[in-house]
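Architecture and fold: a report
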Amino acid sequence: MEPLHPDTKKAILNANPQAEPDIEEYELLLAERFTVDPDGPSPQPEAARALVKESREQRLQELHRKLAAGRNDP
């Protein structure tokens, strides 16, 4: 998954203006993915850190599918 191109974001919002919160959440989770060092020290136990990562990745996939379904590319 990659950041949404501005034209893609505009097409999604033109097709579905209510998609804005989903786009914001998608972009936030995607940015979070790149701010977390998977090998770095963490106050959380390894199992908890893996669960957070798995949850984030699952939600990213859900949002990606949902946003792709609402896309009206020119």
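Residues numbered from 1 in each chain as written. Predicted model: local features only at pLDDT ≥ 70, side-chain atom pairs only at ≥ 80, totals over all residues. Heavy atoms only, no water.

Glancing now at the confidence of the model for the protein chain. In the predicted model, the protein chain carries a mean pLDDT of 82, and 74% of its residues have values of at least 70. For the protein chain, helix 3 (residues 46–69) is the element with the lowest average pLDDT, namely 82, and helix 1 (residues 6–15) is the one with the highest, namely 93. (pLDDT = per-residue confidence, 0-100. Helix = DSSP H or I, 4+ residues; strand = E, 2+ residues; numbered from the N terminus.)

Moving on: the nonpolar core. Leu 4, Ile 12, Ala 19, Ile 23, Tyr 26, Leu 29, Leu 30, Leu 60, Leu 63 and Leu 67 form the largest nonpolar core, which has ten residues in total. Tallying contributions element by element places helix 2 (residues 20–33) first for this core, with four residues. Not counting residues within four places of it along the chain, the set of residues in contact with Leu 67 comprises Leu 4, Ile 12, Ala 19, Asp 22, Ile 23 and Tyr 26. (Core = buried A, V, L, I, M, F, W, Y, C linked by side-chain atoms within 4.5 Å. Buried < 20%, exposed > 50% of the residue type's maximum accessible area, 1.4 Å probe, protein only. Contact = heavy atoms within 4.5 Å.)

Relative to the 20 Å expected for 14 residues at 1.5 Å per residue, helix 2 spans 20 Å between its end C-alpha atoms, a close match to the ideal helical length. Among the residues making up helix 2, those that are buried are Asp 22, Ile 23, Tyr 26, Leu 29, Leu 30 and Arg 33. Each buried residue of helix 2 lies within a common arc of 135 degrees when the element is viewed along its axis, so the set occupies one face. Seen from the open side of helix 2, the exposed residues pointing more than 90 degrees away from its buried face are Pro 21 and Leu 28. (Expected span 1.5 Å × (residues − 1). Arc of directions from axis to C-beta.)

Along the chain, the position of Asp 22 falls in helix 2. Side-chain polar atoms of Asp 22 contact the side chain of Lys 66, separated by 2.9 Å. Excluding residues that lie within four positions of it along the chain, Asp 22 makes contacts with Arg 59, Leu 63, Lys 66 and Leu 67. (Polar contact = N/O pair within 3.5 Å; in protein donor to acceptor, adjacent residues only side chain to side chain.)

Let us look at the pattern of salt bridges. Taken as a whole, this structure holds seven salt bridges when the rule is applied. The shortest N-O distance in the salt bridge between Glu 27 and Lys 9 comes to 3.1 Å. Here the residue Glu 27 occupies a position in helix 2, and Lys 9 occupies one in helix 1, the gap between them amounting to 18 residues. The class for Lys 9 is partly exposed, based on a relative accessible area of 27%. Salt-bridge contacts for Glu 62 lead to Arg 59; the nearest nitrogen and oxygen are separated by 3.0 Å. Of the two residues, Glu 62 and Arg 59 both sit in helix 3, three residues apart, roughly one turn of that helix. By relative accessible area, Glu 62 is classed as partly exposed at 39%. For Arg 59, a relative accessible area of 28% gives the class partly exposed. Taken together, the shared-partner salt bridges connect Glu 32, Arg 33, Arg 56 and Glu 57 into one network. (Salt bridge = Lys/Arg side-chain N within 4 Å of Asp/Glu carboxyl O.)

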